[in-house]
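# Overview (structure and organization)
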Amino acid sequence: MIAALTLAQEVLTRSEFTDALPQNIAFAIIAGVMLFSAFKMVTTGNVVHAALYLMIVLAASAAIFILLGSDFVGATQILVYIGAIIVLFLFGIMLTKAQLGDDDSVSSERRGMGALVGVLLFVVIGFALVDTYENIEVEFSDPEPIAFTPTTADVDDLPTPVIEALGLEGRTGEVEITQADFDSLEPEVQRRVPGAEVFGNNKQIADAIFSDYIVPFEATSVLLLAALIGAVVVARKE
Amino acid sequence: MIALAYWVETIFRSLGGLAAVLLPAGPIVYIFLFKMMSFMQSRLGPTEAGPAGTLQLIAEVGKWIQKEDIFPRKADRLVFAAAPFVVLASSFLLVLVVPFGPDAWFVNLDTGIYFALAVSSVSVIGILMAGWASASKYSMLGGLRAAGQLIAYELPLVLAVMGVVIQAGTLNMQDIVLAQAEGEIFGFGGIGNPFILTQFLGFVIFMIAMQAELTQPPFDMPVAESELVTGYMTEYSGIRFLLFFIGEFATAGIFGMIASALFLGGWWVPGLDPDSNLFNILGPGIMMAKVMGVMFLVFWFRFTYPRFREDQLQQLAWKVLIPLSLVNIVITGILKVAF
Amino acid sequence: MMLNQFLLLAAVLFCIGVYGVLTRRNGVLVLMSVELILNAVNINLVAFGAFRDNVQGDVFAIFVIAVAAAEVGVGLAMVLLMYRNRKSTDFTELDMLKG
Amino acid sequence: MSLLTLAVEAVPKESFATGDVSWLLNNVWLIPTLPALSFLGILFFGKRMPKGGAELGIAAVGAAFLLAILSNVAWMDHRDNYSGPTDAGAAHAEDDHGDEHSEDALGASVVIDGQSEQVELTSSFVEEGGEGGHAAVAVLNERDWFRNGGVDFKVGTLLDGPSVIMLFVVTTISLLVHIYSTDYVAGDRRYTHYFAFLSLFTASMLGYVLSSNILQMIVAWELVGLCSFALIGHWWEEKPNSDAALKAFLTNRVGDIGLLVGMIILFFSAGGTFDIVEINKAVINNEMNQTAVTWAAISLTAAVMSKSGQFVLHTWLPDAMAGPTPVSALIHAATLVVAGVFMIARLYPVFYYGFSIPGSSINGLALIGSITVVFGGLLAFVQTDIKRVLAYSTVSQLGYMVLALGVGAWTAAIFHLFTHAFFKAGLFLGSGSVAHSVHSFDMKQDMGGMRKFMPTTFKTFMICSIALAGVFPTAGFWSKDEILVGTGGLGVGAEKANGNYHLMLIMGLVGAMLTGAYMTRCIYLTFFGEFRGHGTPHESGKRITVPLIILSVFAAGAGLLNLPPGFLAGSASSPTGWQERFGHFVEPSAAYFPAISHSVPSWWLAVVASVMGLIGPAIAYWYYFIKVDNLSKETGESLTELPNGLVANNKLAATGHAFLVNKYYLDHLYNDVIVAAVKGPIAKAAYWINQNVLDEVVDTAGRTSVKAGEAVYKHVDQGLIEGAVNGSGILSSQSGQGLRKLQTGKVQQYAALLFAGATILAGIFIVLI
């Protein structure tokens, strides 16, 4: 007991854990839930349960995305996977056969082989990962860099916090806002200054998709259309 | 603002979230479901419990809590038990991104409204779970109908919001409210720009889709009492039924908040500086008033129109609302570029 | 946070997905296991994106999600067709190629 | 504002010539947009409109027509009076732009400012042009469409002489065709659909002529092809019509391969730009590999051959007559077929240097053009369908344009395109008017003597035919003469500026003779003699005759726009005189164009051409109007040819006639020889190889192994212990059984093996590295 606590203390006081303790705790919880659900998903005998476990896995990975600072991917994950794909699965299951209770015939007899392949795969991947990426830290930069172009603005149009922070109370007419003025502001206020533009995760993704990756984007939309038509053709009754 | 420790702030915000989900549900049920419906149908409504029947709600809740929590024999117990919580969880996730004042928010997510629309679809899963786990044909049909309906109306809902997002240039709900406070309508900035004025089509589509998302009549096919005996809720009783009930009206309230934040200026009212600290105090009250306004519309429709047929319901979504909202997006985009 | 904790998590998820694909007999469950594999890939993409401090990972994760949606649509349609033709979604019965 | 400001903004806008460029010239995109919008409008709301959508189409094309006229006027003013800052900066600005966007490897920091799409690239290219020394200024407007892999894809309009004149031609013809169609296809079951595609056709062609880059050109080119497919197959319920549409579409696909290959070559050899101006400049400044330019020119010529119906790939054009007649008019006069010619004109430096046009005496373009002139003309003689006569006439006339471009007479080609558009549209619409009244296109069976019934149609048809035959002083005379002069074949000194294209001159003259002759035949068969059809034909309504009159006026007078120098008073190339007014108007700036040489007209060549142009009609007149007519009067029937004429009596002539009737057997070549070759002999050869070679090998192997087996049986098996033999038999049987288990047919087992194998390989890879 004491040994276990000592070990736990030792593990928890290592620098890579204490640096971002809340995130690491969150990660541990999420990862635990995720792996448990994933494992249950591939072993449960009930198809609907499997779909629900899959939902938990997907929700957990959405949480991982948000933990990594990719809000937009997280929200997309929830919207597409949980809102559409899981619902589609449940629909599919319920339209074919929605048995209550366990059905032992959903798994084959070759579980040993599958487990062997899975473990072997994990050993190889895990070895490669540990070998290559050991002790590499994920560092988070400012998630919302704010760009600024010096401008002039009418004091009446400025938001109150900006006026207060720049000491412009009582002034009227045009004032010039310089880079130095801008740098002296808190980030919360900076984003309200005219001429400031916030480059959050969303904006960066949008810029990337609609400039550098416009062709993959269009290809994806064509693929979706093709899949839509294909699904209708395949599933349609004659 | 007073600087608080991170965890104190977190606790406050969590309590606020709980309050924001649960508090509006009571007045909505009492004012609209009990009193307004009775008035419209020339009845009196509850009068006995408390002054003008105000305590009727408490009595109802007490009644549901003390009733037996029945599980059908063939039900899948785990899924059956979890379903109401999944539906309720969706409401709690929804309220996270709603701002109540310049600093009165729960989470100031940059993805704001997108996140809200994403998590609103989680409730579909809960409904499907309930429908399947009840081991009853009525429940199953109700669950499938509900899922079909929610998916169909999710699309116009999202697309109607797109117009607002284009106009505000952000997904962040707080920034959307600020964009309305600081906006101008074709150069006239006297009353800001509550997006209901420039996005009226979007507002109408949003309201109709919201009505359907809440499965309120005339879009109540999934719970149609006369055909399906309240659909996926048929087998539920006691506290779990209450949870569904709370979930339904809490979600109604939160959708009202989102609608008022997107189209009615949220916590802000024209004529006041949106940066004044006053709004941190007044904001929730202003929001509540706007929510009640939106709810009045929702319930007015609920009591006025008869139920749609299933095919009419799907046709309205796919053939009318979605094309209209696409047109709305195109027009908004063009105007945004032009001005 | 370490990069590896995400990558290893994704690796475990990937292997569980492979196990599912190899052992499940029900067509829908195989599709679900494929989703696990795709999701593991997404975690890798986003983690590397965060590590390299750019949004390329996020962008490709979004593309993967969109493609996964298409894949599920077509896959489920095929399973439905199979169910209609053979009254079963058992993959082990699909063995007309056996030697 | 963005993290990285785009270079576009860094270049001050004032350095471009926006100041005194007319608003319209900077916004010509409106002209194709109007019909495009009307396409959508008709498509969605046409059926609910009182006139079935036709009014919307006419309104849109009418508005486009007005804008086109205004932009022509603005262009004249701009061309003569532009004095703003000259170009220079524009191209460099775009280059900077490209450099600025050099990709960050991690791609994180490249952020495009939201405003940048609104930044307009406007530039003008000013160079000393023509002999008069007036500035020729192209107006270029471009915007970013998207960018991928460091390449900017732009959309924009490049407005200069050729495009502005094409705006006029296309909108004029299209408007008249629209008006004409309201009567011609009235009551058709796909009336709305027809007008929708007519609008889209117009829009694509207008977009095509305004394209500022080759990518946009390809898109518009394909759109034009698509519309022609839809309109040729307008009455698709009848098999020949849908076949014709398919034939047109597929033949054009053949050329499109050339188009794509040529454009790709140009893109890469011009240093990764789609911009027409950039490509032309690169060719002129000798920045491109000469071989690459030549191959690009050859590939693009293939595209031109299919699109503009040049010889060997022209076969789809007459079949395309299956579409409604107004569509044929539009296709032949203003849209589809001139797209190819226009492409040569647009990318002229590529052909000019690719084929070494200046100074040589023969090149691919000129050869194809001249062959097409004669062969197309010959084919027109044996047609009984009036529209097919005109179709082959178009083939022949397109040959003239290609010929002119091939010999370096750029201006002459564009001028012929311009004049041809009017008289050919007039002829097609006229033939449609006749057919509308007799319900047939067959000249020999259902027409004859139509001049009595349809006086207006007859007069306009005559004027247009005279113009087509090139009789002085109609439009055709001036343009054809300019082409013949441009060959330089008979000129001396300065007149030989473009080399010595003797052969082309002769072919051109022969073509001129043929043109007059087949038109005479056509006119006799249609309008003279006695009526051979059924019922009583009557003159068409106003909506048909008014466009005919307008077109015949153009056909008569358009040639006066480009009188050769020294013909009337006034100094050459002066903006006030009449001479070479057209050339002055359309010739683009030298900045991205080779210097266009002008041959000095020779009087006696004009006389020779005129005489040649009259010999043909004279012979035909003698044959039809005198011999056939007299015989008809004697016999009392309305004959269409002499019963025992040349063809009947002379074997050589009969052979030639059959050769022509069968269209040089080209369709046979394509259908029977090429397809059948693949179907028949090659398949047979493959079968033979299969039977005799492969089977032989297998058989031999089999026989050898049988023999070997016998030997083994004799020498080894008998000599070995039976137990060992049985043991090995059991062993192989068991190993076979064991291996058979691998082939379970179970997908998941295969997948397991796949994963296991991949894992092991990956493991080995990791360990080794």
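Residues numbered from 1 in each chain as written. Chains lettered and ligands numbered in written order. Predicted model: local features only at pLDDT ≥ 70, side-chain atom pairs only at ≥ 80, totals over all residues. Heavy atoms only, no water.

Quick look at the overall build of chain A now. Across its full length, chain A holds 11 helices and 4 strands. Long-range contacts, defined as pairs at least 24 residues apart, comprise 59% of the intrachain contacts of chain A with a sequence gap of at least 6. Only carbon and sulfur atoms are counted for the fraction: they give 63% of the accessible area of chain A, which is about 12,100 Å². (Helix = DSSP H or I, 4+ residues; strand = E, 2+ residues; numbered from the N terminus. Contact = heavy atoms within 4.5 Å. Areas by Shrake-Rupley, 256 points an atom, 1.4 Å probe, with all protein chains shown as cover.)

Let's shift gears to the overall build of chain B. Regarding its fold elements, chain B presents 13 helices and 0 strands. From first element to last, N terminus to C terminus, chain B shows the α and β order α-α-α-α-α-α-α-α-α-α-α-α-α. In chain B, buried positions account for 55% of the 339 residues. Pairs at least 24 residues apart make up 77% of the contacts formed inside chain B by residues separated by at least 6 positions. In the structure as shown, chain B presents an accessible area of about 14,400 Å², 71% of it carried by carbon and sulfur atoms. (Buried < 20%, exposed > 50% of the residue type's maximum accessible area, 1.4 Å probe, protein only.)

To continue, consider the packing of helix 6 (residues 111-133) of chain A against helix 31 (residues 747-768) of chain D. In the contact formed by helix 6 of chain A and helix 31 of chain D, the axes pass within 10 Å of each other and the chain directions differ by 25°. Classified by the angle between their axes, helix 6 of chain A and helix 31 of chain D sit roughly parallel to one another. Note that helix 6 of chain A runs across helix 31 of chain D; the crossing there is left-handed. Residue-level inspection shows Met-113, Val-117, Leu-120, Leu-121, Val-124, Phe-127 and Ala-128 of chain A of helix 6 of chain A in contact with helix 31 of chain D, the latter providing Ala-752, Phe-755, Ala-756, Thr-759, Ile-760, Ala-762, Gly-763 and Ile-766 of chain D. Taken together, the residues of the contact of helix 6 of chain A with helix 31 of chain D break down into 13 nonpolar, 2 polar and no charged. (Axes fitted to C-alpha atoms, helices over the stretch in contact; angles between N-to-C directions. Parallel < 35°, antiparallel > 145°, perpendicular 65-115°, else oblique. Left-handed = near helix turned anticlockwise from the far one by under 90°. Nonpolar A, V, L, I, M, F, W, Y, C, P; charged D, E, K, R; others polar.)

Another point: the nonpolar core. Formed by 187 residues in total, the largest nonpolar core has its most connected members in Ile-173, Tyr-208, Met-343, Leu-347 and Val-350 of chain D. The biggest single contributor to this core is helix 18 (residues 410-438) of chain D, with 16 residues. Aside from chain neighbours lying at most four places away, what touches Met-343 of chain D is Tyr-208, Met-217, Trp-221, Leu-259, Met-263, Leu-300, Ala-303, Val-304 and Phe-351 of chain D. Counting 179 residues, the second largest nonpolar core, distinct from the first, contains Ala-75 of chain A, Val-21 and Ala-146 of chain B together with Val-79 of chain C. (Core = buried A, V, L, I, M, F, W, Y, C linked by side-chain atoms within 4.5 Å.)

A few words on the packing of helix 6 (residues 161-184) of chain D against helix 13 (residues 325-333) of chain D. Residue and element names in this part refer to chain D. In the contact formed by helix 6 and helix 13, the axes pass within 9 Å of each other and the chain directions differ by 170°. By the angle between their directions, the pair helix 6 and helix 13 is classed as roughly antiparallel. Of helix 13, the residues touching helix 6 (which contributes Ile-173, Ser-174, Val-177, Tyr-180, Ser-181 and Tyr-184) are Thr-325, Pro-326, Ala-329, Leu-330 and Ala-333. Across the contact of helix 6 with helix 13, the residue classes tally to 8 nonpolar, 3 polar and no charged.

Turning to the pattern of salt bridges, a few remarks are in order. Residues and elements named next belong to chain D. Under the criterion given, the structure shown has 12 salt bridges over all chains. With a shortest N-O distance of 2.8 Å, Arg-346 and Asp-160 are connected by a salt bridge. Linking Arg-346 in helix 14 (residues 336-346) with Asp-160 in the loop between strand 3 (151-159) and helix 6, this pair joins segments that are 186 residues apart in sequence. In this structure, Arg-346 and Asp-160 share a single accessibility class: buried. The salt bridge involving Arg-253 is made with Glu-222; its shortest N-O contact spans 2.5 Å. Separated by 31 residues along the polypeptide, Arg-253 in helix 9 (residues 239-269) and Glu-222 in helix 8 (residues 214-232) bring together distant segments of the chain. (Salt bridge = Lys/Arg side-chain N within 4 Å of Asp/Glu carboxyl O.)

A cluster of acidic residues, Asp-156, Asp-157 and Glu-174 of chain A together with Glu-184 of chain B, forms a negative patch at the surface. Considering the arrangement of structural elements, one finds Asp-157 of chain A in the loop between strand 2 (151-154) and helix 7 (160-166). (Patch = residues over 30% accessible without salt bridge, like charges linked within 9 Å, V, L, I, M, F, W, Y side chains within 5 Å. Lys, Arg positive; Asp, Glu negative; His and termini not counted. Charge placed at Lys NZ, Arg CZ, Asp CG, Glu CD.)

This part covers the confidence of the model for chain A. Reading fine detail from the predicted coordinates is not recommended where pLDDT is low. Residues at a pLDDT of 70 or more form 87% of chain A, whose mean pLDDT is 80. Element-level mean pLDDT values for chain A span from 58 in helix 2 (residues 15-18) of chain A up to 90 in helix 4 (residues 47-67) of chain A. (pLDDT = per-residue confidence, 0-100.)

This brings us to a nonpolar patch on the surface. Nonpolar side chains collect at one region of the surface, where Leu-120 of chain A together with Ile-760, Leu-761, Ile-764, Phe-765, Leu-768 and Ile-769 of chain D lie side by side and expose about 780 Å² of accessible area between them. Looking at the nonpolar patch element by element, the count peaks at 5 residues for helix 31 of chain D. In this structure, Ile-764 of chain D sits in helix 31.

This brings us to the interface of chain A and chain C. The interface is formed by 82 residues belonging to chain A together with 66 residues belonging to chain C. Applying the counting rule to chain A against chain C returns 0 salt bridges. If you look at where chain A meets chain C, you find 12 residue pairs in polar contact (both at pLDDT 80 or more). Among the elements of the structure, helix 3 (21-43), helix 4, helix 5 (71-96), helix 6, helix 10 (201-212) and helix 11 (214-235) of chain A are those that each provide at least two residues to the side of chain A that touches chain C. Classifying every residue of the side of chain A that touches chain C gives 51 nonpolar, 20 polar and 11 charged. (Polar contact = N/O pair within 3.5 Å; in protein donor to acceptor, adjacent residues only side chain to side chain.)

Let us now look at the confidence of the model for chain B. Residue and element names in this part refer to chain B. Within chain B, residue pLDDT values average 84, and 97% of them lie at 70 or more. Highest mean pLDDT in chain B belongs to helix 9 (residues 200-213) (90); lowest belongs to helix 10 (residues 225-228) (69). Our summary of model confidence lists the complex with pTM equal to 0.67 and ipTM equal to 0.73.

Quick look at helix 3 of chain A now. Helix length check: helix 3 of chain A (23 residues) gives 33 Å between terminal C-alpha atoms against 33 Å at 1.5 Å per residue, within 8%. Within helix 3 of chain A, the full set of buried residues consists of Asn-24, Phe-27, Ile-30, Ala-31, Met-34, Ser-37, Ala-38, Met-41 and Val-42 of chain A. (Expected span 1.5 Å × (residues − 1).)

The phi torsion of most residues other than glycine is negative, and most of the peptide bonds are trans. All names here are of chain B. Between Pro-217 and Pro-218 the backbone carries a cis peptide bond, its omega angle lying at 5°. Within the secondary structure, Pro-218 is located in the loop between helix 9 and helix 10. Although it is not a glycine, Ser-42 sits at a positive phi angle of roughly 55°. Positionally, Ser-42 belongs in the loop between helix 1 (6-40) and helix 2 (56-66). Backbone geometry at Thr-215 places phi at a positive 45°, although glycine is not the residue there. Checked against the element boundaries, Thr-215 lands in the loop between helix 9 and helix 10.

For the rest of this paragraph, the subject is the side chain of Ser-37 of chain A. Topologically, Ser-37 of chain A is positioned in helix 3. Excluding anything up to four places from it in sequence, Ser-37 of chain A contacts Tyr-53, Ile-56 and Val-57 of chain A.

What follows is about helix 7 (residues 191-210) of chain D. Between its terminal C-alpha atoms helix 7 of chain D stretches 29 Å, which fits the 28 Å expected from 20 residues at 1.5 Å a residue. Extensive coverage of helix 7 of chain D is indicated by the burial of 19 of its 20 residues.

With that settled, consider the environment of Met-295 of chain B. All names here are of chain B. Note that Met-295 resides in helix 12 (residues 278-304). For Met-295, a relative accessible area of 0% corresponds to the buried category. C-alpha separation for the pair Met-295 and Met-257, spaced 38 residues apart in sequence, amounts to 9.6 Å. Once residues within four sequence positions are removed from consideration, Met-295 is found in contact with Ile-28, Phe-32, Met-210, Ala-252, Gly-253 and Gly-256.

On to the packing of aromatic side chains, then. With the rule as written, the count across this model stands at 49 aromatic pairs over all chains. Centre to centre, the rings of Tyr-213 of chain A and Phe-60 of chain C are 5.2 Å apart; their planes meet at 80°, and the pair counts as edge-to-face. Placement of the pair is Tyr-213 of chain A in the loop between helix 10 and helix 11 and Phe-60 of chain C in helix 3 (residues 56-86), with the two residues belonging to separate chains. Here Phe-60 of chain C falls in the partly exposed class, since its relative accessible area comes to 33%. (Phe/Tyr/Trp six-rings, centres within 6.5 Å; stacked < 30°, edge-to-face > 60°.)

The next thing to look at is the side chain of Asn-202 of chain A. Structurally, Asn-202 of chain A can be placed in helix 10. Among all residues touching Asn-202 of chain A, those that are not within four sequence positions of it are Phe-72 of chain A together with Asp-110, Thr-111 and Leu-171 of chain B.

Now for the pairing of strand 3 (residues 174-177) of chain A. All names here are of chain A. In strand 3, alternate side chains face the same way, and those of Val-175 and Ile-177 are buried while those of Glu-174 and Glu-176 on the opposite face are not. Two elements, strand 2 and strand 3, share 4 bridges in a ladder whose sense is antiparallel. Along strand 3, the bridge assignment pairs Asp-154 with Glu-174. (Pairing = 2+ DSSP bridges.)

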